[in-house]
Amino acid sequence: LTKLDDAECEKVKKAISENLAEILALEPESIREKLDKTSRYYVEIKKKVSEKDANRVREFISANKDLKLGNYIGIDEATTRYYSENIASTVLGFVGDDNQGLSGLELTYEEELTGVSGRVVAAKNANGADMPFSYEKVVDAQPGNSLVLTIDSYVQYVAEKHLETAIVNNKVAERGACLIMNVKTGAVLAMATKGDFDCNSPFTLSADDQKLVDELEGEERSKKLAELRNRQWRNKVVSDAYEPGSVFKVITAAIGIEEGVANLNTSCNCPGYIVIAGQRYSCHKKIGHGTQNLTQATMNSCNPFFISLGQSIGAKTFSKYFKAFGLTEKTGIDLAGEASSQ
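Worth saying up front: this structure is predicted, and the values here are computed from it rather than measured.

Draft legend 1. Molecular detail of the overall build of the protein. Scanning the protein from terminus to terminus reveals 14 helices and eight strands. Taken over C-alpha atoms, the radius of gyration comes to 31 Å for the protein, far larger than the 20 Å a tight globule of 342 residues would show. By principal-axis analysis of the C-alpha atoms, the protein measures approximately 100 × 45 × 35 Å. Taking all 342 residues of the protein together, 27% fall into the buried category.

Spelled out as C-alpha cells, the structure:
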C-alpha cells in the first residue's frame, strides 16, 4: 500500500476494511486500525476462518481486480484440532489458536503430539507480490505421534450420562466427578467431571454460567468470566481434594486385622450412634445395627463399629498405615494439576 498515492491507498483500505468486515463478521474500524499500522509488513485479520468465508474472500478479491487486492490480502491454510466426540473433555483438554496444548492430555503430551510444521518458501517482491520468475520450495509437514488411552469410550459415555443425571437429581452445586478403574491393573476406564465443556469450543460457557457473566460489567465481568472458564476446565477428579468417607473403612479394617487389634469375628454393638469426646456421631441406620462382627459391620458400613475400631488402633498406628498405603503421596497420574494429600 505504501507504493500507492494517497487517494488510491485510501480507496483500497476502504474496500478491504468494509468488505472483509462484512464477510468475517468483524468491525470495519478494527480492520482499518490494523491496515494503518505502517510499521508492520504483515497483519493478521482473523484466525480459524471457515472454508465458506475464505471462498467469499477469494471471490471479493477476484471481483475487484482493478484494485489488485491479491497484492494486499493473503489466505494461509492451517490445520485445526477437531474432536469428533464430545466426551472426556477435562481429560483430553484442548488446544489454542496455534494448536498448542493448553490443558489435559493435550498439555501433558504436547511435545509428543506436536509434529513439525510444513512450509512453503517462495520469492516475493517488496510489495509481497510474486516475482516474475518462478521459485517455490515445499517442505512437507511431519505428523506428531498418536496417543492411545486406557479410557473405554463406552464406559466413559455411560459414566458421563448418569453423572449428569445425578447432579440434576441431587441439586449438586459444585459439579460432580466419577472415576472407574480396572481394580486389577489400576487402568482408568472412565474419568468424568460434570459440568464440563465442549473441546471444540472450550471458551464457551454453559447457558447458566453465561447468564451470571452477563449480569456483570467491566472488570467484575472479566473476573467472573475467567473464574467460570477455569472452573469448567478443571478436572475435579484429579485437581480437587476428596474426603473418602465410608470407602476408607476398608483401610481401617485392613489395619485392624494386620495389627491383630481385630479379626473377622470381633464384635461390637451399634445402638445407632457413638459419643467420642462429647461429640455424638450417628450411624446411617438410626435405630442401629445391634451386635455385629467385622464382616457384618463392613457389609453394613457401620459408623460406630469403625469409629470404635479406629479408637482401638490408635492415632499413631493409624497414621503409620495411612502413609504406608501411599496416601500421603500423589499418584503421579499423567495429567497436570493433581492435588496433594492433606
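From this point, the narrative continues.
Draft legend 2. The pairing of strand 4 (residues 188–194), seen in detail. Among the seven residues of strand 4, six are classified as buried, and the element is accordingly described as predominantly covered. Of the strand pairs in this sheet, strand 3 (residues 176–181) and strand 4 are connected by six bridges, and their pairing is antiparallel. Counted as the bridge partner of L179 is M191 from strand 4.

Draft legend 3. Here's a closer look at helix 11 (residues 249–258). Listed as buried for helix 11 are K249, I251, T252, A253, I255 and G256. Buried residues along helix 11 sit in contact with helix 12 (294–300), helix 13 (303–313) and helix 14 (315–324).

Draft legend 4. Expanded view of the pattern of salt bridges. One pass over the structure, following the stated rule, counts 15 salt bridges. The shortest N-O distance in the salt bridge between R56 and D53 comes to 3.9 Å. Here the residue R56 and the residue D53 both occupy positions in helix 3 (residues 51–63), the gap between them amounting to three residues, near one helical turn. A salt bridge links D240 to K236, with the shortest nitrogen-to-oxygen separation between them at 3.6 Å. The partly exposed category is assigned to K236, whose relative accessible area is 21%. Linked by salt bridges that have partners in common, E10, K13, R32 and D36 make up one network.

Draft legend 5. View of the environment of Y83. On the secondary structure map, Y83 appears in the loop between helix 3 and helix 4 (89–92). Ignoring any residue separated from it by four or fewer positions in sequence, one finds Y83 in contact with L92, G93, F94, V95, E106, C199 and N200.

Draft legend 6. Structural detail: the side chain of S89. Tracing the chain through its elements places S89 in helix 4. Its relative accessible area of 1% is what places S89 among the buried residues. At a separation of 3.0 Å, a polar atom in the side chain of S89 contacts the main-chain carbonyl oxygen of F197. Residues within four places of S89 in sequence aside, it is in contact with D196, F197 and C199.

Draft legend 7. Just the environment of C268, in detail. Here C268 is to be found in strand 5 (residues 267–270). Separated by 41 residues in sequence, C268 and L309 have C-alpha atoms that sit 9.1 Å apart. In contact with C268, other than residues within four places in its own chain, are G290, T291, Q292, F305 and S308.

Draft legend 8. Seen up close, the packing of aromatic side chains. Scanning the model with the defined rule gives seven aromatic pairs in all. On the basis of an interplanar angle of 90° and a centroid distance of 5.3 Å, the ring pair of F203 and W233 is categorised as edge-to-face. Of the two residues, F203 is situated in the loop between strand 4 and helix 8 (207–214) and W233 in helix 9 (residues 218–233); the sequence distance between them amounts to 30 residues. Each residue in the set F94, F197, F203 and W233 is aromatic and connected to the rest through ring pairs, giving one cluster.

Draft legend 9. Quick peek at unusual backbone geometry. At the junction of K194 and G195, the peptide bond is cis and its omega measures out at -5° in the coordinates. Its location among the elements puts G195 in the loop between strand 4 and helix 8. Non-glycine residue K68 carries a positive phi angle of around 50°. On the secondary structure map, K68 appears in the loop between helix 3 and helix 4. Here K68 falls in the exposed class, since its relative accessible area comes to 55%.

Draft legend 10. Just the state of the cysteines, in detail. Taken as a whole and judged by the stated rule, the model has zero disulfides. Here C199 stays free of any disulfide, with the sulfur of C178 as its closest cysteine sulfur at 18 Å. Between C283, a free cysteine, and C270, which holds the nearest cysteine sulfur, the sulfur-to-sulfur gap is 4.0 Å.

Draft legend 11. Quick look at the packing of helix 8 against helix 9. Relative to each other, helix 8 and helix 9 sit at 160°, their axes nearing to 9 Å. Relative to helix 9, the element helix 8 lies roughly antiparallel. In terms of crossing hand, the pair formed by helix 8 and helix 9 is right-handed. Between helix 8 and helix 9, the residues in contact are D209, Q210, L212, V213 and D214 and R221, K224, L225 and L228, respectively. Of the residues that constitute the contact of helix 8 with helix 9, the class distribution is four nonpolar, one polar and four charged.

Draft legend 12. Local environment of the environment of L309. Relative to the helices and strands, L309 is located in helix 13. Residue classification places L309 among the buried positions, given a relative accessible area of 6%.

Thresholds, definitions, all that
- Residues numbered from 1 in each chain as written.
- Predicted model: local features only at pLDDT ≥ 70, side-chain atom pairs only at ≥ 80, totals over all residues.
- Heavy atoms only, no water.
- Helix = DSSP H or I, 4+ residues; strand = E, 2+ residues; numbered from the N terminus.
- Rg over C-alpha atoms; globule rule 2.2 N^0.38 Å.
- Buried < 20%, exposed > 50% of the residue type's maximum accessible area, 1.4 Å probe, protein only.
- Pairing = 2+ DSSP bridges.
- Contact = heavy atoms within 4.5 Å.
- Salt bridge = Lys/Arg side-chain N within 4 Å of Asp/Glu carboxyl O.
- Polar contact = N/O pair within 3.5 Å; in protein donor to acceptor, adjacent residues only side chain to side chain.
- Phe/Tyr/Trp six-rings, centres within 6.5 Å; stacked < 30°, edge-to-face > 60°.
- Disulfide = S-S within 2.5 Å.
- Axes fitted to C-alpha atoms, helices over the stretch in contact; angles between N-to-C directions.
- Parallel < 35°, antiparallel > 145°, perpendicular 65-115°, else oblique.
- Left-handed = near helix turned anticlockwise from the far one by under 90°.
- Nonpolar A, V, L, I, M, F, W, Y, C, P; charged D, E, K, R; others polar.

That is the geometry; function is a separate question.
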